[in-house]
Amino acid sequence: MTLQIDLEGGRRMISATTVKAQSSAMQSSVLALNKTYSPVHVITARRAFCLLSKDIAEVISVEDGSFMNYDFSSWIEISELRSEFHERTELDDWILSVNFEIQVPRVVRLLNYNRIPNNTIKFNRRNIFIRDSYRCQYCHKKFGVKQLSLDHVVPRSHGGGMSWENIVSACRRCNTKKGGRTPTQAGMKLFQKPAKPSRNPVLLQQVKQEKYACWKNFVSNKELLSCD
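Residues numbered from 1 in each chain as written. Predicted model: local features only at pLDDT ≥ 70, side-chain atom pairs only at ≥ 80, totals over all residues. Heavy atoms only, no water.

Draft legend 1. Spotlight on unusual backbone geometry. Phi angles above zero are rare outside glycine, and Asp64 is one such case at about 55 degrees. Its place among the elements puts Asp64 in the loop between strand E5 (57–63) and strand E6 (66–70). (Helix = DSSP H or I, 4+ residues; strand = E, 2+ residues; numbered from the N terminus.)

Dropping the structure here:
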């Protein structure tokens, strides 16, 4: 994976082909804000660097409770200073190239994107599992993706449809036990009532991680409470 960047007439190249950790850093998440600092997307570091190099976005760094804005060339300079003075933490992601190092930003702002996010949330298996914290909604045990399945709370044979309010995560054992019955008929109890998330479950899952803690500055308290 190679990303080439033009800066002030000189071509620089970021390559993540040789080291697995570098590839992982390129795929780390970056929160993209619109012009008014509202979150609109979660993108990869690779995508963020492309936007920064084209002056479509700038880095937003949360430093001592304040927001600092950096264009791409300034961010490279800041990164080189942090590297030189060993100002790194285990939570940081870095990309190494032949002639410079750059820290992966956690937040970027799209300079000319004025749209207000419509908060459309895709109804799919991944988001349901994240919404339910990868826990079976009957036994409440946590499972890996391969051990989880989707269950219709009200079975299709009883008129139940495919919706946020009727689909839950279930382990294979509980799903088999419930069969084509309602929870009441099967003598089983739902851990919580299923509902549509207020924000993209991927965003809410990652904002809980320490490495993405700065995202909390841009996600409302109401949205954070909804994922606790």
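Draft legend 2. Inspection of the sheet that holds strand E9 (residues 107–110) at higher detail. Taken in spatial order, the five strands make up an open sheet running E4-E3-E9-E5-E6, and their pairing is mixed. Looking at the sheet topology across the chains shown, the edges are occupied by strand E4 (39–44) and E6. Going across the sheet, the axis of each strand differs from the next one's by a mean of 35 degrees, ignoring polarity. Relative to E6, E5 is paired through five bridges, and the arrangement is antiparallel. Residue pairing for E6: Ser61 is matched across the bridge by Met68. (Pairing = 2+ DSSP bridges. Axes fitted to C-alpha atoms, helices over the stretch in contact; angles between N-to-C directions.)

Draft legend 3. Examining the pairing of strand E3 (residues 29–33) more closely. The element E3 is largely enclosed, with a buried count of five among its five residues. Neither face of E3 is exposed, since Ser29, Leu31 and Leu33 on one face and Val30 and Ala32 on the opposite face are all buried. As paired strands, E3 and E4 are joined by five bridges and run antiparallel to one another. Directly across from Val30, in E4, lies its bridge partner Ile43. Connecting the antiparallel pair E3 and E4 is a turn made up of five residues, with Tyr37 showing a positive phi of about 70 degrees. Of the strand pairs in this sheet, E3 and E9 are connected by three bridges, and their pairing is parallel. Across the sheet, Ala32 pairs through a bridge with Val108, a residue of E9. (Buried < 20%, exposed > 50% of the residue type's maximum accessible area, 1.4 Å probe, protein only.)

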